[in-house]
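The lines below spell out each chain.
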Amino acid sequence: MSAATDPDRGGLDRPQVVGRVNDWFALNARDLPWRRSTPWGVLVSEFMLQQTPVARVLVPWAAWMERWPTPDDLATEPPGAAVAAWGRLGYPRRALRLHQAATAIATEHGGQVPDDLDALLALPGVGRYTAAAIASFAFGGRAVVLDTNVRRVLARIEDGQQFPSASATAAEWRRGEQWLPDDDATAARWAASAMELGAVVCTARSPRCEQCPVAELCRWRTLGHPAHDGPPRKGQAWQGTDRQCRGVLLDLVRQHPDGVAVEALLEVWHDRGQAERSLAGLLADGLAHQAGPMVTL
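This is a predicted model, so every value here is computed, not measured.

**Student:** Would you take a moment to explain the overall build of the protein chain for this structure?
**Tutor:** Looking only at helices and strands, the protein chain features 15 helices and five strands. When its C-alpha atoms are laid out on the principal axes, the protein chain stretches across 70 × 45 × 30 Å. Counting only residues that meet the buried cut, the protein chain has 45% of its 297 residues in that class. Long-range pairs, those at least 24 residues apart, make up 62% of the contacts in the protein chain between residues at least 6 apart in sequence.

Here you go:
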């Protein structure tokens, strides 16, 4: 393993941590449907899970996979169909990016999700994390999968900090590589198990240290769970924002396949100027289209 004992971290034995967390995962992993799906199913789940809890994704993912079980199936439909099916998952641009990714897979990869990191990164809507997650979860490859859960787990175990920085740093990506086992199978298991540990045990608000397989190896616990002393952690505002307004307008258009009159659409929001600005944004992003006085998907 490349994950070795680190003398600068009080002799932390990374391979021991990896082994314990992987063993814990083997017995405690949630039965999530995309974990027993195709590479396309994994890709769809990663798009849907961006900034969205697992519980909200389960039903839409199943419906999506039933309707579009392959990239080719989705690529043959217009982008508006993807936006309509996205429902209230939020961040509807993801639906457009997913449709674009399906089209690229259908036209450039023979309908098969590629397993190469560079090829995955070239797909619309696929960034560093998503490419690594697909390579690891769909194909069992060795890749640094660094989401918020994994970053929090490593910050607590190794740094003794309650939370990592607001966004992933270059140093965190380097550390992720240091933690990564050399062989593909163990590395892929670690990517999934570390994420699972952060999602269900080493949670942000109410960590269940008594259930953690590496509690006695965790520096944060050893130090007495010191509180976060960095910049205040701010949740994303929603009430009254343009994002909420856009969601309301788009949901109304989604409910009327034949279109909604512009005036009727703008009247559903209390601030006319904000509604006009939000509608302009939806049209500019290609999430909705205007033909004369009507707006459709």
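Here the narrative resumes.
**Student:** Honestly, the UniProt feature "domain: HhH-GPD" (unreviewed entry) in the protein chain in this entry has me stumped. Any pointers?
**Tutor:** With numbering aligned to this structure, UniProt lists the feature "domain: HhH-GPD" (unreviewed entry) at residues 48-200. Across residues 48-200 one finds 66% helix and 0% strand; the C-alpha atoms that close the span lie 19 Å apart.

**Student:** Mind showing me how you'd approach the packing of aromatic side chains here?
**Tutor:** Any two aromatic rings considered together are summarised by their centre-to-centre distance and by the angle between their planes. Using the criterion set out here, one finds four aromatic pairs in the structure. Look at Trp64 and Trp68: their rings are 4.6 Å apart centre to centre, the planes differ by 70°, and that puts the pair in the edge-to-face class. Taken as a pair, Trp64 and Trp68 share a single burial class, namely buried. Seen in terms of ring centroids, Trp179 and Trp190 are 5.5 Å apart; in terms of plane orientation they differ by 10°. Their pairing is stacked. Of this pair, Trp179 sits in helix α10 (residues 170-179) while Trp190 sits in helix α11 (residues 184-200); the two residues are 11 residues apart in sequence, bridging distant segments of the chain. Residue classification places Trp179 among the buried positions, given a relative accessible area of 0%. Within the aromatic cluster, the residues linked to one another by ring pairs are Trp64, Trp68 and Trp86. Sitting above the plane of the Trp173 ring, Arg128 keeps its charged end 3.8 Å from the centroid. Directly above the ring of Trp220 sits Arg156, whose terminal nitrogen or CZ lies 4.4 Å from the centroid.

**Student:** How should empty space enclosed by the protein be read in this particular structure?
**Tutor:** Unfilled space is identified by rolling a water-sized probe across the atoms. The full count for this structure, using the stated rule, is two cavities of 30 Å³ or more. What the largest cavity holds in volume is close to 110 Å³. Sorting the residues of the lining of the largest cavity by element identifies α9 (148-159) and α12 (219-222) as the ones contributing at least two each. Considering each element in turn, the lining of the largest cavity owes the most residues, three residues, to α9. When its residues are assigned to classes, the lining of the largest cavity shows 12 nonpolar, no polar and three charged. Its boundaries defined by the atoms lining it, the second largest cavity holds a volume of some 70 Å³. Contributing to the lining of the second largest cavity are Ala143, Val144, Val145, Leu146, Val150, Leu154, Gly176, Trp179, Leu180, Trp190, Ala191 and Ala194. For the lining of the second largest cavity, the element with the highest residue contribution is α11, accounting for three residues. Its residues assigned to classes, the lining of the second largest cavity shows 11 nonpolar, one polar and no charged.

**Student:** What is the right way to look at helix α8 (residues 128-139) in this model?
**Tutor:** Since the α-helix turns once every 3.6 residues, residues separated by three or four places project in the same direction. Over its 12 residues, α8 extends 16 Å from the first C-alpha to the last, a length consistent with the 16 Å expected when each residue adds 1.5 Å. All of the buried residues along α8 are Tyr129, Thr130, Ala131, Ala132, Ala133, Ile134, Ala135 and Ser136. Residues of α8 that are buried sit in contact with α2 (39-49), α7 (117-121), α10 and α11. The first or second residue beyond α8 is Gly140, which carries a positive phi of 65°.

**Student:** When you look at the pattern of salt bridges in this model, what are you seeing that I'm missing?
**Tutor:** Side chains that differ in sign of charge can pair as their charged atoms come close. Counted according to the given criterion, the structure contains 17 salt bridges. The salt bridge partner of Asp285 is Arg246, with a shortest N-O separation of 2.9 Å. With Asp285 in the loop between α15 (272-284) and β4 (289-291) and Arg246 in helix α13 (residues 242-255), this residue pair connects regions lying 39 residues apart in the sequence. Take Arg246: its relative accessible area is 16%, and that puts it in the buried class. Of the charged contacts in the structure, one is a salt bridge between Arg272 and Glu276, with a shortest N-O distance of 2.9 Å.

**Student:** What should I look at first to understand helix α3 (residues 54-67) in this one?
**Tutor:** A rise of 1.5 Å per residue sets the reference length of α3, with its 14 residues, at 20 Å; its end C-alpha atoms lie 20 Å apart and thus fit the reference within 8%. At Pro60, α3 shows its maximal bend, which comes to roughly 25°. Turning to α3, its buried residues are Val57, Trp61, Trp64 and Met65. Check the buried side of α3 and you find it contacts α2, α4 (71-75), α5 (79-86) and α6 (93-108).

**Student:** It is not clear to me how the nonpolar core should be interpreted in this structure. Could you clarify?
**Tutor:** Generally speaking, a soluble globular protein has its nonpolar side chains buried in company with each other. Trp40, Leu43, Trp64 and Leu98 are the most contacted members of the largest nonpolar core, which totals 48 residues. Elements that contribute at least two residues to this core include exactly α2, α3, α5, α6, α8, α13, α14 (262-266) and α15. Looking at this core, the element that brings in the most residues is α6, giving seven residues. Residues within four places of Leu43 in sequence aside, it is in contact with Leu98, Ile105, Val113, Leu123 and Ile134. In terms of nonpolar packing, the next biggest core, distinct from the first, is built from 34 residues, Val17, Trp24, Val144 and Val153 among them.

Criteria and thresholds
Residues numbered from 1 in each chain as written. Predicted model: local features only at pLDDT ≥ 70, side-chain atom pairs only at ≥ 80, totals over all residues. Heavy atoms only, no water. Helix = DSSP H or I, 4+ residues; strand = E, 2+ residues; numbered from the N terminus. Buried < 20%, exposed > 50% of the residue type's maximum accessible area, 1.4 Å probe, protein only. Contact = heavy atoms within 4.5 Å. UniProt positions renumbered as here; feature names shortened; annotations may be inferred. Phe/Tyr/Trp six-rings, centres within 6.5 Å; stacked < 30°, edge-to-face > 60°. Lys NZ or Arg CZ within 6 Å of the ring centre and 35° of its normal. 1 Å grid on protein atoms, 1.4 Å probe; cavity = no way out; pocket = protein on both sides within 12 Å on 5 of 7 lines; lining within 4 Å. Points joined across faces, edges and corners; volume = space filled by probe spheres on them. Nonpolar A, V, L, I, M, F, W, Y, C, P; charged D, E, K, R; others polar. Expected span 1.5 Å × (residues − 1). Salt bridge = Lys/Arg side-chain N within 4 Å of Asp/Glu carboxyl O. Bend = angle between axes of the 7 residues up to and from the residue. Core = buried A, V, L, I, M, F, W, Y, C linked by side-chain atoms within 4.5 Å.

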